[in-house]
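# Examining the three-dimensional arrangement
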Amino acid sequence: FLVAIQRGAPLQDLETTDSAAFSRYGSQAADDGGPLALVGMLYRGEYAEANQHPLLIGILSVVDKEAVSFQLVTTGISLAGFILVTLLVIRLAGHQVGAVFAALLGTNATFGHLSLQVTCECLLIPLVTLCWWSFQRWTQTAGRPSPWRVMIAAGAVLGLVQLAKGTGAIFLAGTLAWLLLP
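Residues numbered from 1 in each chain as written. Predicted model: local features only at pLDDT ≥ 70, side-chain atom pairs only at ≥ 80, totals over all residues. Heavy atoms only, no water.

### Some words on the packing of aromatic side chains
The condition that has to hold: Working definition: a ring pair exists when centres of Phe, Tyr or Trp rings (six-membered ring for Trp) sit within 6.5 Å. Plane angles under 30 degrees give stacked, over 60 give edge-to-face, the rest tilted. Should the NZ of a Lys or the CZ of an Arg lie within 6 Å of a ring centre and within 35 degrees of the ring normal, that charge is described as sitting over the ring.
As enumerated under the stated definition, the model contains zero aromatic pairs in all. Against the face of Tyr25 rests Arg24, its NZ or CZ located 5.3 Å from the ring centre.

### With respect to the packing of helix α4 (residues 54-62) against helix α5 (residues 70-93)
The criterion, for reference: Lines fitted to the C-alpha atoms define the axes, with helices restricted to the stretch that makes contact. Angles between their N-to-C directions range from 0 to 180 degrees. Only DSSP runs of H or I reaching four residues or more are called helices, and only runs of E reaching two or more are called strands; each is numbered from the N terminus. Note on terminology: angles under 35 degrees are roughly parallel, angles over 145 are roughly antiparallel, angles of 65 to 115 are roughly perpendicular, and the others are oblique. The handedness criterion is simple: a crossing whose near helix is rotated anticlockwise from the far helix by less than a right angle is left-handed, and one whose near helix is rotated clockwise is right-handed. Any two residues having at least one pair of non-hydrogen atoms within 4.5 Å are treated as being in contact. For this classification, the nonpolar set comprises Ala, Val, Leu, Ile, Met, Phe, Trp, Tyr, Cys and Pro, the charged set comprises Asp, Glu, Lys and Arg, and every other residue, Gly included, is treated as polar.
Closest axis-to-axis distance for the α4/α5 pair is 10 Å, and the angle between their directions is 125°. Considering their axes alone, α4 and α5 lie oblique with respect to each other. As α4 packs across α5, the resulting crossing turns out to be right-handed. Packed against α4, whose contacting residues are Leu56, Ile59 and Leu60, the element α5 presents Phe70, Val73, Thr74 and Ile77 at the interface. Class assignment of the residues belonging to the contact of α4 with α5 gives a composition of six nonpolar, one polar and no charged.

Given below as structure tokens:
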């Protein structure tokens, strides 16, 4: 993972790209009062940034930009997603498959490059993995509890995935196929 990231570091343009916009809106949200003020803006319908995921803006607004780089935050989110999805693969397919999966994803240059960008792509893997992990745990639980809590939580997470890159519908179809097909 760290080897793949080194190739993407010099490719960043933090002045004119989406990374610059996320950094600017994250700093602005921090100045306006942080994540709670952002939630108030969302509730009142005053948040008008069509291309800026409010969850990532909220996360960035908590971070002191003087102490920690926003790139470090998104890289940490991507690393957490990498660990989560690797643990899910290990749980579903065993340690050998998990090791091969981790080696392939960890050396993927595109994954490393997107992990460095201050954009909402870093949220995709952790959010989808949390959704699928909750379904996986629910399907293996003896005497399954009511599915409504799991379905509502998964729907909320897939809604956040939809905001992240517009791929929530694709992941919803995959999730439904996983649940409905034996």
